[in-house]
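Survey of secondary and tertiary structure
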Amino acid sequence: MKIVGIKNRDASLDVLGIKNINVAYWNLEPEELIEQSILREQAVLSDTGALSLLTGAFTGRSPQDKFVVKDAATTGTIDWGGFNNAFDPAKYDALYGKIVAYFAHKDVFVRDSYVCADPAYRLNVRTIAEYPWSALFANNMFLRPGREEIAQITPDWTIICAPGFLSEGAADGVRSPNFTLVNFTKKQILIGGSAYTGEIKKGVFGALNHELPVRRNVLPMHASANVGAGGDTALFFGLSGTGKTTLSADPDRRLIGDDEHGWSETGVFNFEGGCYAKTINLDETTEPEIYRAIKHGAILENVPFYEGTRAPDYKSVAVTPNTRVSYPLSHIPNIMVPSVGTHPANIFFLACDSFGVLPPVSKLTTAQAMFHFMSGYTAKIAGTEQGVNEPQATFSACFGAPFLPLHPARYAKMLGEKLESSRANVWLVNTGWSGGGYGVGARIKLRYTRAFLNAALSGALDGVTYQTDEVFGLRFPLECPGVPSEILNPRDAWSDKSAYDAKAAQLAQYFVNNFAKFADQASPEIVAASPKVLTGARL
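What you see as residue numbers is a count from 1 along each chain, following the sequence as written. Totals for whole chains, interfaces and linings use every residue, but because this is a predicted model, local features are given only for residues with pLDDT of at least 70 and side-chain atom pairs only at 80 or more, for both listing and counting. Side-chain measures here rest on the full set of heavy atoms in the structure, leaving out hydrogens and waters.

1. Structural notes on the overall build of the protein chain
Looking only at helices and strands, the protein chain features 13 helices and 29 strands. In terms of overall size, the protein chain behaves like a compact globule, its C-alpha atoms giving a radius of gyration of 23 Å where 539 residues would be expected to give roughly 24 Å. The C-alpha extent of the protein chain, read off along each of the three principal axes, is 75 × 55 × 45 Å. For the protein chain, buried positions account for 60% of its 539 residues. Any two residues whose heavy atoms approach within 4.5 Å at even a single point are treated as in contact. Residue pairs at least 24 apart in sequence account for 71% of intrachain contacts in the protein chain once pairs closer than 6 positions are excluded. The Shrake-Rupley method, run with a 1.4 Å probe sphere, supplies the accessible areas, and residue values consider only the shown protein chains as cover. Of the roughly 20,700 Å² of accessible surface on the protein chain, a fraction of 51% belongs to carbon and sulfur atoms. Taking the average place of the 49 positive charges on the side chains of the protein chain and the average place of its 54 negative ones, the gap between the two points comes to 2 Å. Helix and strand assignments come from DSSP, with helices taken as H or I runs of at least 4 residues and strands as E runs of at least 2, each series counted from the N terminus. Throughout, the radius of gyration refers to the C-alpha atoms, and the reference size of a globule is 2.2 Å times the residue count to the power 0.38. For each residue, the accessible area found with a 1.4 Å probe, counting protein chains only, is set against the maximum for its type, and the residue is called buried under 20%, exposed over 50%, and partly exposed in between. Under the convention used here, Asp and Glu are negative, Lys and Arg are positive, and both His and the chain ends fall outside the count. Here the site of a charge means atom NZ of a Lys, CZ of an Arg, CG of an Asp or CD of a Glu.

Right, dumping it as structure tokens:
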């Protein structure tokens, strides 16, 4: 076996059963991985200098094809069912044997990295990839050891990524030719049949969502984080399309990270060393930090070019609406080094409410924060998917249900304990509609949402008068610097009050129905924070 690159002290794949390969490329520099991707005709350079490629049949994750090995390490901890599909250990060993045999007579690309910016929680991750750009993605997204350190790394977790390997489906114990398998006993993640790089990133995130709460009493969070000039940390939770990445990229605050963090007994730390941002409709005016980060070293995924050019067309959905860019944090000018912060002073739950009935900003009690954390609400916009003709409520527990190995109540309990000890303010921010739902009202302007955040962060909302919404029980301010007062009370913003009442009641019922599955493991205080479904009266 020929070895090229920065050799690790255990630069042999035999122990994993990967044998008879052509060349093992160990820890190549990003430039070398870019070169390999182009030479193999798997990617080209855009006019920004970014590596541009297509991920093939899969342009997003496939949560139904993710499995967790059910054994002594997981039987009593995993919240089985839903997104946590149990997998037999014997079938895992058999499929593992097939995937490592697949690498025979092929080149492989190995990248040693680590996750968790706080050294107390560091875990080393070795990615073994069929494609060079998968290794480049691992280099972008995970934390990068120095050249001398990398030669000494011993992996805590190993990812084996083989997009070209297709399973036999049911015969191998899986659902489809593509799969992601997580083995907590062997500390391994197997990815087959899909080249979508998000499977690498989220496979590790799912593993941390089990290991850190169970073994280290750290709350893992699907959230972005930044730090103000005074050292205050803020967290931003939100599902796709709510503005989590956009709002945390603030030129006046240093970015800790845009997606995955842990909250320990000493503060907040980033799991990653990069960002994986959506690029659909990306514009330099509204999102300058992300737009300018798309340069040499970044990876553009599934973004078409304007015809006859190498200029990315960020408006195109010809391949997928889920166009993405991966880049190291160093591409952002205003970042925290290292990627750690203090206990958060302010936490924002972002919801794109296309029903148009939630206040633009409201302050939550601890019980309300735990309720909305477990709910993880946003709404799909009418017309964005076939058959979606009106707003649809979407709930994802803890703002990341597909990545939660444990029951959501366990994460919510940890959040509640940390809120009590840190005394952090928690805000629910509607980045969606006001004055009516989608098609009637207007999308709340980004500058207004930033004004809400700035007011909350600066303390400008501390001394103002609040009013409580009767349906959702949310306390919202009646004034906010830089925001028209007429949009602060959601009901007053609607010209048709009865239409507002009907929509508010409808959304409240959706909340209640969704939370029913958590009620038996939630405290009476959290259950009481549920919206009130009122009938026959003004809501």
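The discussion continues.
2. What about the sheet that holds strand β10 (residues 179-183)?
Two strands pair under a simple rule: DSSP has to find at least two bridges between them. Strands sit in the order β1-β2-β7-β8-β9-β11-β10-β5-β6 across an open sheet of 9 strands; the sheet is mixed. Each edge of the open sheet carries a strand with a single partner, namely β1 (2-5) and β6 (85-87). Across the sheet, the mean angle from the axis of one strand to that of its neighbour is 20°, orientation sign disregarded. Here 3 bridges tie strand β5 (residues 66-69) to β6, and the two strands are oriented parallel to one another. What sits directly across from V68, in β6, is A86. Sitting on the sheet, helix α3 (residues 132-141) touches β7 (108-115), β8 (123-129) and β9 (157-162), and the angle it makes with β7 is about 10°. To get an axis, a line is fitted to the C-alpha atoms, and for a helix only the part in contact is used. The angle between two axes follows their N-to-C directions and goes from 0 to 180 degrees. Docked against the sheet, helix α5 (residues 198-216) engages β7, β8, β9, β10 and β11 (188-192), running at close to 150° with respect to β9.

3. Some details on the side chain of E211
When you line up the elements, E211 lands in helix α5. Judged by relative accessible area, E211 falls into the buried class, the value being 6%. Every residue in contact with E211, bar those within four places of it in the chain, is listed here: W157, F184, K187 and R216.

4. Brief notes about the sheet that holds strand β17 (residues 274-278)
As summarised here, the arrangement of the 5 strands in space is β3-β4-β18-β19-β17, forming an open sheet in which the pairing is mixed. Edge positions in the sheet fall to β3 (44-45) and β17, since each has one partner strand and no second.

5. Some details on helix α10 (residues 446-458)
With 13 residues, α10 extends 18 Å between its outermost C-alpha atoms, agreeing within 8% with the 18 Å of an ideal straight helix rising 1.5 Å per residue. Within α10, burial applies to Y448, T449, R450, A451, F452, L453, A455, A456 and L457. Of the surrounding secondary structure, the elements contacted by the buried residues of α10 are β13 (233-238), α6 (244-248), β21 (344-351), β22 (361-364) and β25 (425-430). Every helix has an expected span of 1.5 Å times one less than the residues it contains.

6. Overview of the pairing of β8
For β8, the buried fraction is high: 6 of the 7 residues fall into the buried class. Bridge count between β7 and β8: 7 bridges; the pairing is antiparallel. Across the sheet, Y114 pairs through a bridge with N124, a residue of β8. Bridge analysis of β8 against β9 gives 5 bridges, and the strand direction is parallel.

7. Quick notes on the nonpolar core
F237, W263, I347, F349, F373 and F472 are the most contacted members of the largest nonpolar core, which totals 56 residues. Of all the elements in the fold, those that place two or more residues in this core are β12 (219-227), β13, β21, α8 (366-375), β23 (377-380), α9 (408-422), β25 and α12 (497-515). In this description, a nonpolar core means a group of buried Ala, Val, Leu, Ile, Met, Phe, Trp, Tyr and Cys residues linked to one another through side-chain atoms lying within 4.5 Å. With 43 residues, the next largest nonpolar core counts F142, C161, L208 and L212 among its residues.

8. Description of unusual backbone geometry
Residues apart from glycine generally show negative phi values, whereas peptide bonds are mostly found in trans. At the junction of V337 and P338, the peptide bond is cis and its omega measures out at -5° in the coordinates. With a phi close to 60°, C398 is a non-glycine residue in the positive phi region. Classification of C398 by relative accessible area gives buried; the value is 4%.

9. Let's talk about the confidence of the model for the protein chain
The predictor attaches a confidence to each residue, and that confidence, scored 0 to 100, is pLDDT. Mean pLDDT over the protein chain works out to 94, with 97% of the residues at or above the 70 mark. Confidence drops under a pLDDT of 50 for residues 382-388, and excluding neighbours within four residues, the segment shows 8 contacts in the predicted structure.

10. Some words on the pattern of salt bridges
Throughout this description, the term salt bridge denotes a Lys or Arg side-chain nitrogen within 4 Å of a carboxyl oxygen of Asp or Glu. In total, this model carries 20 salt bridges according to the counting rule given. Between E149 and R122 there is a salt bridge, with its nearest N and O atoms 2.6 Å apart. Here E149, found in helix α4 (residues 147-150), pairs with R122, found in the loop between β7 and β8; they are 27 residues apart in sequence, far enough to count as distant. Of the residues examined, E149 reaches a relative accessible area of 34% and is grouped as partly exposed.

11. Considerations on α12
Taking 1.5 Å per residue as the helical rise, α12 with its 19 residues ought to reach 27 Å, and the 27 Å between its terminal C-alpha atoms agrees with that figure. Buried within α12 are the following residues: Y500, D501, A504, A505, L507, A508, F511, N514 and F515. On its buried face, α12 is in contact with α8, β23, β24 (392-395), α11 (490-493) and α13 (524-528).

12. Some words on the packing of α5 against α9
Running from amino to carboxyl end, α5 crosses α9 at an angle of 55°, the nearest separation of the two axes being 12 Å. With respect to each other, α5 and α9 are oriented oblique. You can see that α5 and α9 cross each other, and the crossing is left-handed. Only R410, Y411 and M414 of α9 make contact with α5, whose side of the interface consists of N209, P213 and V214. Should an angle fall under 35 degrees it is called roughly parallel, over 145 degrees roughly antiparallel, and 65 to 115 degrees roughly perpendicular, with every other angle called oblique. Note: crossing handedness is left-handed where the near helix turns anticlockwise from the far helix by less than a right angle, and right-handed where it turns clockwise.

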